[in-house]
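# Reading the structure
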Amino acid sequence: DCTGPVVLCANTHLMMASANALIVETVRASYSGFYREVLTALPRIADGWVYPMAGPGLGTALRPEIIARPDARIRRSAG
């Protein structure tokens, strides 16, 4: 989980689809702190278990206020 909140969400879904995934490691301070400032939803972690988000895609999105910040740098790929 040292790569950030979006990867935590993606890895949670990947682990749910993997028969041999046993352990997920997170940083409680990041999960309880700035991760919640960046995303609309995070995986629920309770009693030693992690649960995936419901909804389409990863089940989360960047918070609109993060994208609207004047110092936000938005990069889009053209395809």
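Rules used in this analysis
Residues numbered from 1 in each chain as written. Predicted model: local features only at pLDDT ≥ 70, side-chain atom pairs only at ≥ 80, totals over all residues. Heavy atoms only, no water. Phe/Tyr/Trp six-rings, centres within 6.5 Å; stacked < 30°, edge-to-face > 60°. Buried < 20%, exposed > 50% of the residue type's maximum accessible area, 1.4 Å probe, protein only. Lys NZ or Arg CZ within 6 Å of the ring centre and 35° of its normal. 1 Å grid on protein atoms, 1.4 Å probe; cavity = no way out; pocket = protein on both sides within 12 Å on 5 of 7 lines; lining within 4 Å. Points joined across faces, edges and corners; volume = space filled by probe spheres on them. Nonpolar A, V, L, I, M, F, W, Y, C, P; charged D, E, K, R; others polar. Salt bridge = Lys/Arg side-chain N within 4 Å of Asp/Glu carboxyl O. Patch = residues over 30% accessible without salt bridge, like charges linked within 9 Å, V, L, I, M, F, W, Y side chains within 5 Å. Areas by Shrake-Rupley, 256 points an atom, 1.4 Å probe, with all protein chains shown as cover. Helix = DSSP H or I, 4+ residues; strand = E, 2+ residues; numbered from the N terminus. Core = buried A, V, L, I, M, F, W, Y, C linked by side-chain atoms within 4.5 Å. Contact = heavy atoms within 4.5 Å.

Right, let's talk about the packing of aromatic side chains for a bit. For the coordinates displayed, the defined rule picks out one aromatic pair. Ring centres of F34 and Y35 lie 4.9 Å apart, and the angle between their planes is 85°; on these two criteria the pair is classed as edge-to-face. For Y35, a relative accessible area of 3% corresponds to the buried category. When the ring centre of Y31 is taken as origin, the NZ or CZ atom of R36, which lies over that ring, is 4.7 Å away. The cationic tip of R44 hangs over the ring face of Y51; the distance from NZ or CZ to the ring centre is 4.0 Å.

On to the layout of surface pockets, then. There is about 330 Å³ of room inside the largest pocket. For the largest pocket, the lining is made up of 15 residues, of which I23, V24, G48, W49 and V50 are closest to its centre. Of the residues contributing to the lining of the largest pocket, the split by class is 10 nonpolar, three polar and two charged.

With that out of the way, let us pick up the pattern of salt bridges. For side chains of opposite charge, pairing can occur when their charged atoms come near one another. What the rule picks out here adds up to one salt bridge. A salt bridge links R69 to D71, with the shortest nitrogen-to-oxygen separation between them at 2.6 Å.

What follows is about a nonpolar patch on the surface. Together, V6, L58, L62, I67 and I74 make up an exposed nonpolar region whose accessible area comes to about 390 Å². The topology assignment puts I74 in the segment after α4 (64-67). For I74, a relative accessible area of 47% puts it in the partly exposed group.

Counting eight residues, the largest nonpolar core is built from L8, C9, Y31, Y35, V38, L39, L42 and M53. Mapped by element, the contributors of at least two residues to this core are α1 (5-16) and α3 (34-38). When neighbours within four sequence positions are excluded, L42 is seen to be in contact with P5, C9, Y31, Y35, R36 and M53.

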